[in-house]
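So the chains spell out like this:
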Amino acid sequence: MADGTPASYESLYGALGHRFTDVGLLQLALTHRSWCAENDGSMSNERLEFLGDAVLGLAITDSLYLNEPDQAEGDLAKARAEVVSAESLAQLARSLDLGPLLRLGRGEEMSDGRQKNSILADAMEAVIGAMYLDGGWVVAKQVVDALLGELTLEAQVEPGVRDYKTRLQERAAELGWAAPVYSVSAHGPDHGRRFQAAVQVGDLDGAGEGTSKKQAQQAAAADALNKIAARVVTETQASTMVENADAVRVGEGAPT
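Residues numbered from 1 in each chain as written. Predicted model: local features only at pLDDT ≥ 70, side-chain atom pairs only at ≥ 80, totals over all residues. Heavy atoms only, no water.

### Section: the overall build of the protein
Applicable threshold: The numbering of helices and of strands both runs from the N terminus, where a helix is a DSSP run of H or I of at least 4 residues and a strand a run of E of at least 2. Contacts are assigned to residue pairs with any non-hydrogen atoms lying within 4.5 Å of each other. Each accessible area is a Shrake-Rupley result for a 1.4 Å probe, and residues are judged covered by the shown protein chains and nothing else.
Along the protein, the regular secondary structure elements total ten helices and three strands. Helices (α) and strands (β) of the protein occur, in sequence order from the N terminus, as α-α-α-α-α-α-α-α-α-β-β-β-α. Residue pairs in contact within the protein that sit at least 24 positions apart in sequence constitute 57% of those at least 6 positions apart. Taken as a whole, the protein presents about 14000 Å² of accessible surface, with 53% of it coming from carbon and sulfur.

Shown next as structure tokens:
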């Protein structure tokens, strides 16, 4: 585990393509509130996360807008949502090996907080906010483009492809069903809470879980979509078998 000294950040500097002038900003970006609860006088990364969220949103919006001048606003919004989602940011944080650099309290440490999507995604936003303060807009934009440019292009090709809740709602409408209805429950301690979601759509249901309500609902929606797809395949196969059987009977009755 890194000790939070400048030397421990060397690999991260290389991965980001930016060396912090103010190392304290980076350390702050990697400080979770659970650490502050056990270390009086410490500040958490929450303010930097707030700033980084705005910087990231603008950087991705700028790229999306310039990449496809004729793309509709709705598709741009779907693509942006996919790129800046907690899942995408947590995956990016893992690729940068951000987890071992985090300063966590004992409770989060014991509950595997270094692997939680919510903590990793928040830290990633905080690091982006810290880069903006340390190097300015140009540096922050360049780093975001380098780290998320490929994902931005992919999301723009198929906007909303990973937004399972929206896709399920649209599929339900196509089938003439009522809108999906979700229920969510939580279990576990505050520092290691897990959420379980269930969705009812038509005569089918779906279930999923995650470290946030949104993540659990997305997983449940994905499960329901898979069940709808499986039913369509089954019904198509059954229809094909009936058609083939009818064709055979017609053929047998034909004169020789």
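### Observations concerning the packing of helix 4 (residues 46-67) against helix 5 (residues 73-83)
Cut-off, in case you're wondering: Axes, fitted as lines to C-alpha atoms, cover a helix only where it is in contact. Angles between the N-to-C directions of the axes lie from 0 to 180 degrees. Roughly parallel means an angle under 35 degrees; roughly antiparallel, over 145; roughly perpendicular, 65 to 115; everything else is oblique. In a left-handed crossing the near helix is turned counterclockwise from the far helix by less than a right angle, and in a right-handed crossing that turn is clockwise.
Where helix 4 meets helix 5, the axes come as close as 10 Å, and the angle between the chain directions of the two elements is 135°. When the axis of helix 4 is compared with that of helix 5, the two are oblique. Crossing of helix 4 over helix 5 shows right-handed handedness. Contacts between helix 4 and helix 5 pair G57, I60, T61, L64 and Y65 from the former with L76, A79, R80 and V83 from the latter.

### A short note on unusual backbone geometry
Applicable threshold: Burial classes: relative accessible area under 20% of the type maximum marks a residue as buried, over 50% as exposed, and values in between as partly exposed (1.4 Å probe, protein chains only).
Its identity is not glycine, yet D97 carries a phi of approximately 60°, on the positive side. Tracing the backbone through its elements, the reader meets D97 in the loop between helix 6 (86-95) and helix 7 (106-110). Despite not being glycine, D112 has its phi angle at roughly 60°, a positive value. Among the secondary structure elements, D112 is positioned in the loop between helix 7 and helix 8 (117-157). According to the relative accessible area criterion, D112 is partly exposed, its value standing at 46%.

### With respect to the packing of aromatic side chains
For clarity, the cut-off: The criterion for an aromatic pair is that two Phe, Tyr or Trp rings (for Trp, the six-membered ring) have centres within 6.5 Å, with stacked assigned to planes under 30 degrees apart, edge-to-face to planes over 60 apart and tilted to the rest. Placement of a charge over a ring requires the Lys NZ or Arg CZ to be within 6 Å of the ring centre, with the centre-to-atom vector within 35 degrees of the ring normal.
For the coordinates displayed, the defined rule picks out two aromatic pairs. One aromatic cluster in this structure is built from Y9, Y13 and F20. The lysine or arginine in question, K165, covers the ring of Y182, its NZ or CZ lying 4.9 Å from the ring centre.

### What about the nonpolar core?
What counts is decided by this rule: Definition of nonpolar core: a set of buried residues of the types Ala, Val, Leu, Ile, Met, Phe, Trp, Tyr and Cys, connected through side-chain atoms within 4.5 Å.
Among the nonpolar cores identified, the biggest contains 43 residues, and M124 and L148 are the most heavily contacted of them. Counting residues per element, the ones that place at least two in this core are helix 1 (10-16), helix 2 (23-29), helix 4, helix 5, helix 6 and helix 8. Ignoring anything within four residues of it in the chain, the contact list for M124 reads L89, L92, A93, L96 and L98. Counting 13 residues, the second largest nonpolar core, distinct from the first, contains V201, L204, A216 and A221.

### Quick word on the environment of L56
With respect to the helices and strands, L56 occurs in helix 4. For L56, a relative accessible area of 0% corresponds to the buried category. Excluding its chain neighbours within four sequence positions, the residues that come into contact with L56 are V84, L89, I128, V144 and L148.

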